[in-house]
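# Coordinates in review
Each chain is listed here by its residues.
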Protein chains: 2
Amino acid sequence: MDTVKYLLNEDQMPAAWYNVQADLPVPAPPVLHPGTGRPVGPDDLAPLFPMALILQEVSQERWIGIPEPVRDIYRQWRPTPLYRARRLEKALDTPARIYYKYEGVSPAGSHKPNTAVAQAYYNKEAGVKRLCTETGAGQWGSSLAFAGALFGLDVKVFMVKVSFRQKPYRRGLMEAYGAQVIASPSHETEAGRRILAQHPDSTGSLGIAISEAVEVAAQDPECNYALGSVLNHVLLHQTVIGQEAMVQLGMADDYPDVVVGCTGGGSNFAGIAFPFIGAKLRGERDVRIVAVEPRACPSLTRGKYAYDFGDTAHLTPLTKMHTLGSTFVPEGIHAGGLRYHGMAPLVSHLVELGHIEPRAEHQLGCFEAALTFARTEGILPAPEASHAVKGAMDEAVRCREEGTSRAILFNLCGHGHFDLQAYMDYAAGQLRDHEYSEEEVAMALAGLPSVG
Amino acid sequence: MDTVKYLLNEDQMPAAWYNVQADLPVPAPPVLHPGTGRPVGPDDLAPLFPMALILQEVSQERWIGIPEPVRDIYRQWRPTPLYRARRLEKALDTPARIYYKYEGVSPAGSHKPNTAVAQAYYNKEAGVKRLCTETGAGQWGSSLAFAGALFGLDVKVFMVKVSFRQKPYRRGLMEAYGAQVIASPSHETEAGRRILAQHPDSTGSLGIAISEAVEVAAQDPECNYALGSVLNHVLLHQTVIGQEAMVQLGMADDYPDVVVGCTGGGSNFAGIAFPFIGAKLRGERDVRIVAVEPRACPSLTRGKYAYDFGDTAHLTPLTKMHTLGSTFVPEGIHAGGLRYHGMAPLVSHLVELGHIEPRAEHQLGCFEAALTFARTEGILPAPEASHAVKGAMDEAVRCREEGTSRAILFNLCGHGHFDLQAYMDYAAGQLRDHEYSEEEVAMALAGLPSVG
């Protein structure tokens, strides 16, 4: 039997986002103002975000309705397919039932438009004219550029300089959608100029690019800031993924024993995992949840659960999260979307509560797994998604070794059509694995602020 | 109202391919053996193709059943969505109803897997171990590499040298699927060596690459040849596109007044158009059919309807088609998939019979149309597909000017995620339009063989 697709009708597309905060046994620690050390209020965030998103950030409601104009755009590619990976199962000779949710069918090729469209909508409704953001590998920037084009919002993207140079095609996609793309650090901002004064050759980092984007948005009343991961409302918007997957698995008369996602900032992972974690927290159904991160940016497995800044210039509030320190510049691994020093506070909180098993993988093993996947299932995973592929395949091999059939669900959050250089470098033997020494991690963590 | 998607259930996926030969008022001229000048028989083609495909090539049956294993793989991305382009309509302020069928959701990002999977299947059934082919921009090569990986067939691709150098990422995709990619002209074949002896700096052409692939396949009993367009059986496999579109338009309670496709070899065009042409030929429903080709490779609009070789080294049989001559090397426009000297014999025949209106467009206008499309509909078209976008938009503007609402259907045959360099070159003002002089065309046509 071949790979099977489970497709939903449009009327089965979720009508609401799922908010895991409603089901938490202990609330997540509050976001703190760096000056006062006190919890931030909505007004503190108002220069950056529209009130609708600020309220979503702190909402304790379980379900938050998806506005009809957002659903109208979602419908272009949603519901996305869920597949039973029969060909991969056969190649692995495993009794496991492997399912993957495929988000690469969106116009930008990843899960990021799920939140980009929502954010663009709420900003447009609030009368905002411009959005400013940062991007690493470019998945987020191109998704916001796409959403901005649909809503008639100007989009400015600070792109980490090393990616700006090495990944011109992602930049090309953003520009094709009409966005303005600037290599970061830049001379456009105080934060950028300060970095360049100290390090004229800086190749940038996500933390620096966030500082630049936040600075621009804070100074321009008609411009808001948009973030592609980490924040509660961003994770919220991604829960359409897991909700759909749950219904699709029902069509297959199945339920996952284990859910696997890759983690950078945490948004695609939360998207697939939170609806299942919610069912577990409500005592409805047990499940194991595995978060796979790169060993070259091991915030969950080697970072500290502490209050930290989201950016390098310390313009953001303080959030409690697993972090390697806001000045940490991770190795230039090819999964650029996973190179962030911190982790989403809600994901971090659930790790602390014992509901998520973090795991770290080297990139070479992930590329190997991704090629096996491409040659059996036919879809080339984005390097980020390859970490989830690797995690799911390892679970499937364990099933074979133990002679047990388990249902494994993972999120294939994007295709790798923009990442062929990475695959070519891998094939040419030019990629290396990297592991930080204890000293390096300790040094990075030494810079954490002494708050909270 | 927003862009609307019309989605079919899997059980509405076509069970058979539609063969337009059954409905032709006059049969297409036969394929001739270049030595004898007589029609070729199945045995002449047996060194290159499995008998099942040879029989499809000459079949007069209206419907040819799609084997279940092929349908199983089709199901991974088929039925593909049909969209009503409401946002584009609004931007154009047109009363036209614009529909597009989107084939970019396939694992290779284009319509090519529709035939690649079928060809790999029939070759595997026939006991073939290896497939050899050529590719220009790489859409076809990556699709055959994908299909070969699924069926356990080794795939060797001769890639036009200029694309091999300029489009390394398409090569990367083929290699990720496990295919071997060779820059053409190469030293691996007699045809390649002969070209290189005369022109050591040759950047290659599709005609040369076909010669190399055919030569390898002809000499290796376990290796067959596969072509991604032009031939009758290739066009046949693409008719799932138009068949699905017809059902989907029925869901919208609509029927196209005009169907638009881009033409290189003719396969995506035939895929969308032939089912509608068939209905017209059977007297069921009238329709206008528009074929848009690049002005820099104008086989339909400026070529001659004559017998010609499919390749440069004259290893193929002679087919009657619109051709610019087998030694014609078209300008290096970015729509590499449309740079072929000839046109599918069935498309050519239907042009001669007056059922298809050919039109030629410059690339700059096509890129401009494609950007308007990307910024309204959200999907970045492949440069090939941008010719269909341009054709459909021109029809829609005519509707506005005439104050008439017509239904326009076009085939968005692939996404442009592999073609960002082209968009960046366009944005940077580095692309030029090209039109051949009368003398240049006459000179190219002077080399046509004197057969038929």
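Quick summary incoming for the structure in this document.

Reading the values: the criteria
- Residues numbered from 1 in each chain as written.
- Chains lettered and ligands numbered in written order.
- Predicted model: local features only at pLDDT ≥ 70, side-chain atom pairs only at ≥ 80, totals over all residues.
- Heavy atoms only, no water.
- Phe/Tyr/Trp six-rings, centres within 6.5 Å; stacked < 30°, edge-to-face > 60°.
- Helix = DSSP H or I, 4+ residues; strand = E, 2+ residues; numbered from the N terminus.
- Buried < 20%, exposed > 50% of the residue type's maximum accessible area, 1.4 Å probe, protein only.
- Lys NZ or Arg CZ within 6 Å of the ring centre and 35° of its normal.
- Expected span 1.5 Å × (residues − 1).
- Pairing = 2+ DSSP bridges.
- Right-handed = clockwise from strand over helix to strand, strands pointing away.
- Axes fitted to C-alpha atoms, helices over the stretch in contact; angles between N-to-C directions.
- Parallel < 35°, antiparallel > 145°, perpendicular 65-115°, else oblique.
- Contact = heavy atoms within 4.5 Å.
- Nonpolar A, V, L, I, M, F, W, Y, C, P; charged D, E, K, R; others polar.
- Buried area = accessible area lost by both parts, 1.4 Å probe.
- Polar contact = N/O pair within 3.5 Å; in protein donor to acceptor, adjacent residues only side chain to side chain.
- Least-squares fit on C-alpha atoms with pLDDT ≥ 70 in both.
- Salt bridge = Lys/Arg side-chain N within 4 Å of Asp/Glu carboxyl O.

On to the packing of aromatic side chains. Any two aromatic rings considered together are summarised by their centre-to-centre distance and by the angle between their planes. The tally for this structure, following the rule as stated, stands at 35 aromatic pairs over all chains. For the ring pair Phe367 of chain B and Tyr426 of chain B, a centre distance of 5.4 Å and an interplane angle of 20° mean the geometry is stacked. Remark: Tyr426 of chain B occurs in helix H18 (residues 420–427) and Phe367 of chain B occurs in helix H16 (residues 363–377); sequence separation between them is 59 residues. You can call Tyr426 of chain B partly exposed: its relative accessible area is 21%. Joined through ring pairs, the aromatic side chains of Trp17, Tyr121, Tyr122 and Phe151 of chain A make up one cluster. When the ring centre of Tyr255 of chain A is taken as origin, the NZ or CZ atom of Arg285 of chain A, which lies over that ring, is 4.2 Å away. The ring of Phe164 of chain B carries Arg171 of chain B above its face, with NZ or CZ at 4.2 Å from the centroid.

The subject of this paragraph is helix H16 (residues 363–377) of chain A. Residue and element names in this part refer to chain A. The end-to-end C-alpha separation of H16 is 20 Å, in line with the 21 Å expected for 15 residues at 1.5 Å each. Listed as buried for H16 are Gln363, Cys366, Phe367, Ala369, Ala370, Leu371, Phe373, Ala374, Thr376 and Glu377. Downstream of H16 by one or two residues, Gly378 has phi in the positive range, about 90°.

Let us look at the pairing of strand S11 (residues 288–294) of chain A. Residue and element names in this part refer to chain A. Within S11, 6 of the 7 residues are buried, which leaves the element mostly enclosed by the surrounding structure. As judged from the 5 bridges shared by strand S10 (residues 258–262) and S11, these two strands associate in the parallel manner. If you follow Val259 over to S11, its bridge partner there is Ile289. Handedness of the crossover joining S10 and S11 through helix H13 (residues 267–281) is recorded here as right-handed. As paired strands, S11 and strand S14 (residues 357–361) are joined by 5 bridges and run parallel to one another. The residue bridging Ala291 from the neighbouring strand is Pro358, located in S14.

A word on the packing of H16 of chain B against H18 of chain B. Two quantities define a packed helix pair, namely the angle between the helix axes and the distance between the axes. All names here are of chain B. Packing of H16 against H18 leaves a shortest axis separation of 11 Å and a crossing angle of 105°. With respect to each other, H16 and H18 are oriented roughly perpendicular. Along its contact with H16, which presents Leu364, Phe367, Glu368, Ala370 and Leu371, the element H18 presents Ala422, Tyr423 and Tyr426. Its residues assigned to classes, the contact of H16 with H18 comprises 7 nonpolar, no polar and 1 charged.

All names here are of chain A. As summarised here, the arrangement of the 7 strands in space is S1-S4-S5-S15-S10-S11-S14, forming an open sheet in which the pairing is mixed. Every other strand in the sheet has two partners, leaving strand S1 (4–6) and S14 as the edge strands with one partner each. Strand-to-strand, the axes of this sheet are offset by a mean angle of 25°, without reference to chain direction. Its contacts with the sheet put helix H12 (residues 240–251) on S1, strand S4 (82–84), strand S5 (97–102) and strand S15 (407–412), and the angle it makes with S5 is roughly 140°.

This part takes up the interface of chain B and chain A. Contacts between chain B and chain A engage 45 residues on the former and 45 residues on the latter. Taking both partners together, chain B and chain A bury about 3700 Å²; carbon and sulfur atoms supply 56% of that area. When residues of chain B are sorted by the area they lose upon contact with chain A, Gln76, Tyr169 and His417 of chain B head the list and together hold 21% of the total. Across the contact surface, chain B and chain A share 22 residue pairs in polar contact (both at pLDDT 80 or more). Sorting the residues of the side of chain B that touches chain A by element identifies helix H3 (68–74), helix H6 (139–151), helix H8 (168–176), H16 and H18 of chain B as the ones contributing at least two each. Here the element with the most residues in the side of chain B that touches chain A is H8 of chain B; it accounts for 7 residues. Of the residues contributing to the side of chain B that touches chain A, the split by class is 23 nonpolar, 11 polar and 11 charged.

Bringing the sheet that holds strand S9 (residues 223–225) of chain B into the picture now. All names here are of chain B. Ordered in space as S8-S7-S6-S9, the 4 strands form an open sheet in which the pairing is parallel. Where the open sheet ends on each side, the last strands, each with one partner, are strand S8 (180–184) and S9. The mean inter-strand angle of the sheet, taken between neighbouring strand axes irrespective of direction, is 25°. In terms of strand pairing, strand S6 (residues 130–135) meets strand S7 (residues 154–160) through 6 bridges, oriented parallel. Across the sheet, Thr135 pairs through a bridge with Met159, a residue of S7. Here H8 sits on the sheet and contacts S6, S7 and S8; the angle it forms with S7, its principal contact strand, is near 170°. Running over the sheet, helix H10 (residues 206–219) touches S6, S7, S8 and S9 and is turned about 170° from S6.

Right, let's get into the relation of the copies chain B and chain A. Relative to chain A, chain B is turned by 180° and slid 0.0 Å along the rotation axis, the superposed coordinates differing by an RMSD of 0.0 Å. Each copy turns onto its partner about a two-fold axis. Most of the interface of chain B is mirrored in chain A, where 100% of its interface residues are also at the interface.

Attention now moves to the pattern of salt bridges. Opposite charge on two side chains lets them pair, provided their charged atoms get close. Residues and elements named next belong to chain A. Scanning the model with the defined rule gives 51 salt bridges over all chains in all. A salt bridge links Glu103 to Arg78, with the shortest nitrogen-to-oxygen separation between them at 2.7 Å. A residue pair is termed long-range when its members are at least 10 positions apart, and Glu103 in the loop between S5 and helix H5 (113–125) and Arg78 in the loop between helix H3 (68–74) and S4 qualify at 25 residues. Glu103 gets classed as buried once you look at its relative accessible area, which sits at 0%. Here Asp394 ties to Lys390 by a salt bridge, and the two come within 3.3 Å at their closest N and O atoms. Within this pair, Asp394 and its partner Lys390 are both found in helix H17 (residues 383–402), separated by 4 residues, close to a single helical turn. The buried category is assigned to Lys390, whose relative accessible area is 18%.

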